[in-house]
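Per-entry structural report
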Amino acid sequence: MYEKTLAEQSRMLANGECSSTELTKHYLDRIARLDTDLNSLVSVDADSALQGAEDADRKRKSSAPSNAEMPLLGVPMVHKDIFCVAGGRTTCGSRMLEHFNAPYSATVVNKLNDAGMVMLGKANMDEFAMGSSNENSYFGAVKNPWKRDCVPGGSSGGSAALVAARLAPVATGTDTGGSIRQPAAFCGLTGIKPTYGRVSRYGMIAFASSLDQAGPLATTAEDCAMVLQAMAGFDERDSTSSNEPVPNYMADLDKPINGLKIGVPEEYFSAGLDDGVATQVRAALAEFEKLGAKLKSISLPNQSMCIPAYYVVAPAEASSNLSRFDGVRFGYRCEDPVDLDDLYTRSRGEGFGAEVKRRILIGTYALSAGYYDAYYLQALKVRRLISDDFDAAFKEVDVIAGPTTPTPAFQTGAKTDDPIAMYLNDLYTVSANLCGLPAISMSCGEVDDLPVGLQLTGKHFDEARLLHAAHSYQQTTDWHRRMPAGIE
Amino acid sequence: MSWETVIGLEIHAQLATRSKIFSGASTAFGAEPNTQACAVDLGLPGVLPVVNAGVVNMAVRFGLATDAHITKRSQFARKNYFYPDLPKGYQISQMALPIVGEGAVTVSLPDGTEKKINITRAHLEEDAGKSVHDLFDDCTGVDLNRAGTPLLEIVSEPDMRSAVEAVAYARQIHALVRYIDICDGNMQEGSFRCDANVSVRPSGQTELGTRAEIKNLNSFRFLERAILYEVDRQIDLLESGQSVVQETRLYDSDKDETRSMRSKEEANDYRYFPDPDLPPLVIDNAFIDSVKAEMPELPQLRRARFINDYKLSSTDASALMGDKATAEYFEAVLEGQTFPAKLAANWIIGELSGRLNKENCTIENASVQAPRLGQLLARIDDGTISGKIGKQVFDDMWGTDASADDIIEQKGLKQITDSSAIEAMIDDVIAANPSQVAEYQGGKEKLLSFFVGAVMKASKGKANPGQLNQILRDKLKNA
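A quick note: this is a predicted structure, and the numbers were derived from the prediction, not measured. (Residues numbered from 1 in each chain as written. Chains lettered and ligands numbered in written order. Predicted model: local features only at pLDDT ≥ 70, side-chain atom pairs only at ≥ 80, totals over all residues. Heavy atoms only, no water.)

**Remarks on the overall build of chain A**
When helices and strands are counted, chain A shows 15 helices and eleven strands. A compact globule built from 488 residues should have a C-alpha radius of gyration of about 23 Å, and chain A, at 21 Å, falls within 12% of that. In chain A, which comprises 488 residues, the share counted as buried stands at 64%. A sequence separation of at least 24 residues applies to 75% of the contacts in chain A between residues at least 6 apart. Taken as a whole, chain A presents about 16600 Å² of accessible surface, with 50% of it coming from carbon and sulfur. (Helix = DSSP H or I, 4+ residues; strand = E, 2+ residues; numbered from the N terminus. Rg over C-alpha atoms; globule rule 2.2 N^0.38 Å. Buried < 20%, exposed > 50% of the residue type's maximum accessible area, 1.4 Å probe, protein only. Contact = heavy atoms within 4.5 Å. Areas by Shrake-Rupley, 256 points an atom, 1.4 Å probe, with all protein chains shown as cover.)

**Examining the environment of Ala115(A)**
Residues and elements named next belong to chain A. Relative to the helices and strands, Ala 115 resides in the loop between α4 (107-114) and β3 (118-123). When the C-alpha atoms of Ala 115 and Gln 229 are compared, they prove to be 10.0 Å apart, with 114 residues separating the residues in sequence. The contacts of Ala 115, once residues within four sequence positions are left out, are Met 70, Leu 72, Leu 73 and Ala 230.

**A few points about the sheet that holds strand β4 (residues 90-93) of chain B**
Within a beta sheet, neighbouring strands are joined by backbone hydrogen bonds and run either parallel or antiparallel to one another. Residues and elements named next belong to chain B. Ordered in space as β4-β3-β14, the three strands form an open sheet in which the pairing is antiparallel. Across the chains shown, the open sheet's two edge strands, defined by having one partner strand only, are β4 and β14 (273-274). Inspection of the sheet shows strand β3 (residues 77-80) paired to β14 by two bridges, in the antiparallel sense. By the bridge assignment for β14, Ala 77 is matched with Pro 274. (Pairing = 2+ DSSP bridges.)

**Concerning the domain arrangement of chain B**
Residue and element names in this part refer to chain B. Splitting chain B by domain gives domain 1 (3-289), domain 2 (297-410) and domain 3 (419-478). Taken together, the contact pairs eight residues of domain 1 with ten residues of domain 2. Overall, the association of domain 1 and domain 2 removes approximately 700 Å² of surface from exposure, summing both partners, and the carbon and sulfur fraction of that is 57%. Scanning the region where domain 1 abuts domain 2 turns up one salt bridge. Note that Lys 324 and Asp 181 form a salt bridge whose closest N and O atoms lie 2.8 Å from each other. Here domain 1 and domain 2 share three residue pairs in polar contact (both at pLDDT 80 or more) between them. Looking at the side of domain 1 that touches domain 2, the elements with two or more residues in it are α2 (53-65) and α3 (163-179). In terms of residue count, α3 provides more of the side of domain 1 that touches domain 2 than any other element does, four residues in total. Residue composition of the side of domain 1 that touches domain 2, by class: six nonpolar, no polar and two charged. (Domains from an automatic or database assignment. Buried area = accessible area lost by both parts, 1.4 Å probe. Salt bridge = Lys/Arg side-chain N within 4 Å of Asp/Glu carboxyl O. Polar contact = N/O pair within 3.5 Å; in protein donor to acceptor, adjacent residues only side chain to side chain. Nonpolar A, V, L, I, M, F, W, Y, C, P; charged D, E, K, R; others polar.)

**Details of unusual backbone geometry**
A cis geometry characterises the amide bond from Gly154(A) onward to Ser155(A), with omega recorded as 5°. Among the structural elements, Ser155(A) can be located in the loop between β3 and α5 (157-164). If you check the backbone angles, Asp449(A) has positive phi at about 65° while not being a glycine. Considering the arrangement of structural elements, one finds Asp449(A) in the loop between β10 (439-447) and β11 (450-458). A relative accessible area of 55% places Asp449(A) in the exposed class. Positive phi is not limited to glycine here, since Asn34(B) has a value of about 65°. Owing to a relative accessible area of 35%, Asn34(B) belongs among the partly exposed residues under this scheme.

**Looking at the pairing of strand β12 (residues 247-252) of chain B**
All names here are of chain B. Burial analysis of β12 places five of its six residues in the buried class, which makes it a mostly covered element. Judged from the four bridges that link them, strand β11 (residues 212-217) and β12 form a sheet pairing that is parallel. The partner of Ile 214 across the bridge, within β12, is Arg 249. Looking at chain direction, β12 and strand β13 (residues 257-263) are connected through six bridges and run antiparallel. What sits directly across from Asp 252, in β13, is Glu 257. As consecutive antiparallel partners, β12 and β13 are separated by four residues, and within that stretch Asp 256 has a phi angle of approximately 50°, a positive value.

The structure is reproduced here in structure tokens:
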């Protein structure tokens, strides 16, 4: 059953071809068998998953909701361990929260619960969502199912690896600078980061509040559309969530994309881009042309400033967001503190990993008196300029296309000693976060048996168009259907 | 050398909302520790602040009351520092764009003059929790019930030149925030606290001296004492050739002195930046107009109206302005009555407030409410009883539901206005006191009050004083 997409499983459940209990057991068995090697999940709660599956089966029998009403009823899934789930632990990949049990659930968790989805467990991730390789998890690195000595990407690396290994049809992720799209690209999946404000951030542990956004990782655009439909919407508990109505993402999926204007920024194909990736992305763009899209060369003049701006804004916000982890009220507390300073210093020193500490230091520096104007304020100005670039481009095109990442998945350990090289992985992804724009990554080829991702960035609240374009591409190509070897 | 004192105040007024500024937890005072702190107040991971609409309304009310600029697009900012009673490691406040900009109040000083004090800004922020140092032997306890309580921080310009002016300004703001119903003003519970920035400079110098900030003064007396002490301390330093250090100081009321808390060098770098969890707070004209429409009449306008419309003296008007409830009580006494407003003012300032003081009772809880007092004063005004009997009736009304008329009727207190009855009593008194009559007729006119008193006593206080006086004078002359 694992070869089926989420949409196919949804129809099987509706037709009675399988039950949620069968499907859930199937995935729990796979997790038990395959994840000891991959390490993509930090917790699995088989009992509560089977209970959820039974509830879904009972509901289907008693009230028989149509597939249109509850398409996700009984479909298994995994949450990135950044989403608080009441009654279980939420670690955020950190020693700091190794034993943390939130007394509330994230809005995303509640919404997918209400849609009838069955949570199998929580996915591994880079600590506090900081990382591009999932090597920063306190619970150990995650392997890429395509090549076990390569990274799955990050920070939603566990989510990507587990969906690629078909341990669940879908997993949630969060994306602050590419943390859904980059692992989706590295693992041959489809992943969408919605417009900032489209999905509630309530109960999702913050990394950088003005950039964080939740979204799904699945094998197809259609599956992403189905799950995003249930995740999206205004939430009165998140003041930054939007009350823009949520359109029906499924409605236009099968229409032709004739006349879709795709902008191709020249800056995306310059130095730093792997030749093999460039070739695959160009081929994908040619396929879009065949489908009736029009390609147009455009320019995003401030592209080179994205990474510097991002690595000021994100750490600045993080340095403040992570102040609450102080060993006083919850989370890790050092043993036998002698005084308050000792309590703070050792709790944070021992509770946080190296990358988290690095970003707290960078962010604290950027916000300090005397540096604020030169770094933080300057970064905000650059952020505005980058936004202006996109606004100008979107006057001429409907979506902007390019590679998701400069290279395919790299070897574990290859960049751990070089933070700058690691940060450059986010070269093409951070602009969508800085501008709050929706962006989707889909698999569009392979280089040396590793998947390559194509990214489409859209206008604010234009998720439907991105899903539509990706779905059309997936109707005439089969990259999204390919599976890594050794996951049978 | 003569020195000039310069004072600016930062006042923290706790806004009188039922729930906290960014969460639904209760703000009620005095609950068991940590029973009124929800996930948002505790700063648990993943939770987010949502602005309580009530605080926006209250801040705008304050802005309108101080004739201030209201910021149409204000912004919350994070003030970052570590302390155990600050759950998130930052306080949500406002920095670059406060909701209320420049304004002013005119303060009445004890010497009868007035002074305009400019207000720099007033911004919204959340309170921190409370560290409890004396409950455990070897560690400090944290109570987060207070965390997230809404505050309006009102920052004045350094416009005050003495402790007296500072106290007058603080009292005026205190009266104002209660008047417009945004703060209960309870200083014991910490609902209204002052920080004083104090410096001195040689008289005539325009440049400001180095200032010290004295934190958390929770009574007007402490505010005054702390400033007086601090001014003396600074002058002593300067006159002995030393300099004032910019620092934060605490006032110790037991020793009546201020002492250093932390110097400028030890001060935190708060790393303020706009809070990304809260979009800019946008206020439009329609909202401001709606707040304006529900505003109570402001004290200064009401005072002017009392003087003009009711012909009250400035002193009486000010006395009635002490708090809104008193002013409202005064107008309620006059409701439907025709007696002069001055009579009501005298009774409220005199008899009623004396009684309230004695009973330690607020005017809202006064046993004799405004309509009943109005009926009593009407009986005095129409001559049914004298003012003196009125006080007796008032005492009888207190603690009962009886009306003035009932008591006058029951106790037979109705004034004697029958001239022949008064004449008979006067005749008896004159007959019983021949020597005093002779002295009076010999020119000792002060004795008139002796006769008035004697007749009044004979009438059990009920004789009409005017009639009594008139008849008595005539009779004494011709006796």
